[in-house]
Structures are given as C-alpha cells and as structure tokens.
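Here is what each chain is made of, one letter per residue.
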Amino acid sequence: EAADIGDLGGVGGGSSELAGGPKIVASVSVGESGTVDEDIGDEGAVRTVVKRFAGQLQYCYESRLKAVPSLQGRVEVGWSVFEGKVSGVYIVSNSTGDSELASCIEKKIRRWTFPADKVEGDISWPFVFKAKSG
C-alpha cells in the first residue's frame, strides 16, 4: 500500500504552512533595560524607541526561522547614538549562533532614529528570540 504524503513525517524542505503543520509563532522580547552610558540622557526614551522598532527584529527572526526552524536564543546588540542617528552597530553576544540573523538585526538597528534632544551616547541592549508552535 502506498504511503500517504502525511505519513512521510516532514521529510524534505519547505515551510510549515505548505506542509499544513503547526504555525510557528515567533516572539522577540525586549530586555526591560539595556546598558546605557550614564550620560545617555533619557533612558525612558531609549526604551520607547527600542520597543517601537522591535517588530523589525521579529521580521528578521521569522525570516530565519523558515530556514532554521529550531533557531532561538539571545542576541545583545551595541550601538552609538549621535544627533538622533545610530552608528557603530555591533553584536555583543549571540547565543543563536546564526550570523544571518545577527546581520539582519544590525541592518535594522542602523536605520533606527532616536530623539536627538534626549538621547546621545552608547547603548547595549539584549533581545530574546523564541519560537513556539501554535
């Protein structure tokens, strides 16, 4: 008797949507507080901007999950802010081990803007990436 396609147990590539499997729900949690220069200015303003743009990092994560469904972990990113613009973005630590995820995160953060009158200095902030089937 021929095996039904559903009996193959996920052999091969493709996304979970095509296979009719469970939808993967990706989440990015923003650390409540990163490390900021004492003279950064308004740390609350930093937190507000980080939370506002965290969805962009979720996009990076969801894109990588299609290639690496088991991907999860913590990525801490550092950057500088001068006159509202971000420069010098770098990865402090990356427990996911995924360089493409890290590269996407760096590109997104480089485009963020902060209130120039409230924020200036160096920032380091952790982001936790988790996926759960749902």
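Residues numbered from 1 in each chain as written. Predicted model: local features only at pLDDT ≥ 70, side-chain atom pairs only at ≥ 80, totals over all residues. Heavy atoms only, no water.

### Regarding the nonpolar core
(1) Moving on: Within the largest apolar cluster, 28 residues are counted, with the highest numbers of intra-cluster contacts made by Trp-79, Ile-105, Ile-109, Trp-112, Phe-114, Ile-123 and Phe-127.
(2) Moving on: Of all the secondary-structure elements, those providing two or more residues to this core are helix H2 (43–67), strand S3 (73–82), strand S4 (85–94), helix H3 (99–110) and strand S5 (121–133).
(3) Moving on: The element that contributes the greatest number of residues to this core is H2, accounting for nine residues. (Core = buried A, V, L, I, M, F, W, Y, C linked by side-chain atoms within 4.5 Å. Buried < 20%, exposed > 50% of the residue type's maximum accessible area, 1.4 Å probe, protein only. Helix = DSSP H or I, 4+ residues; strand = E, 2+ residues; numbered from the N terminus.)

### A short note on the confidence of the model for the chain
(1) Moving on: A residue-level look at the chain finds 69% of positions with pLDDT of 70 or above and a mean pLDDT of 80.
(2) Moving on: H3 holds the highest mean pLDDT among the elements of the chain, 97, whereas helix H1 (residues 16–19) holds the lowest, 40.
(3) Moving on: For residues 3–23, every residue scores under 50 in pLDDT, and the model assigns this stretch eight contacts once sequence neighbours within four places are set aside. (pLDDT = per-residue confidence, 0-100. Contact = heavy atoms within 4.5 Å.)

### Some remarks on the state of the cysteines
(1) Moving on: All chains considered together, the criterion is met by one disulfide.
(2) Moving on: Cys-60 shares a disulfide with Cys-104; S-S distance 2.0 Å. Handedness here is read from the sign of the S-S torsion; for Cys-60 and Cys-104, about -75°, the answer is left-handed. Of this pair, Cys-60 sits in helix H2 while Cys-104 sits in helix H3, and the two are 44 residues apart along the sequence.
(3) Moving on: Its relative accessible area of 1% is what places Cys-60 among the buried residues. (Disulfide = S-S within 2.5 Å.)

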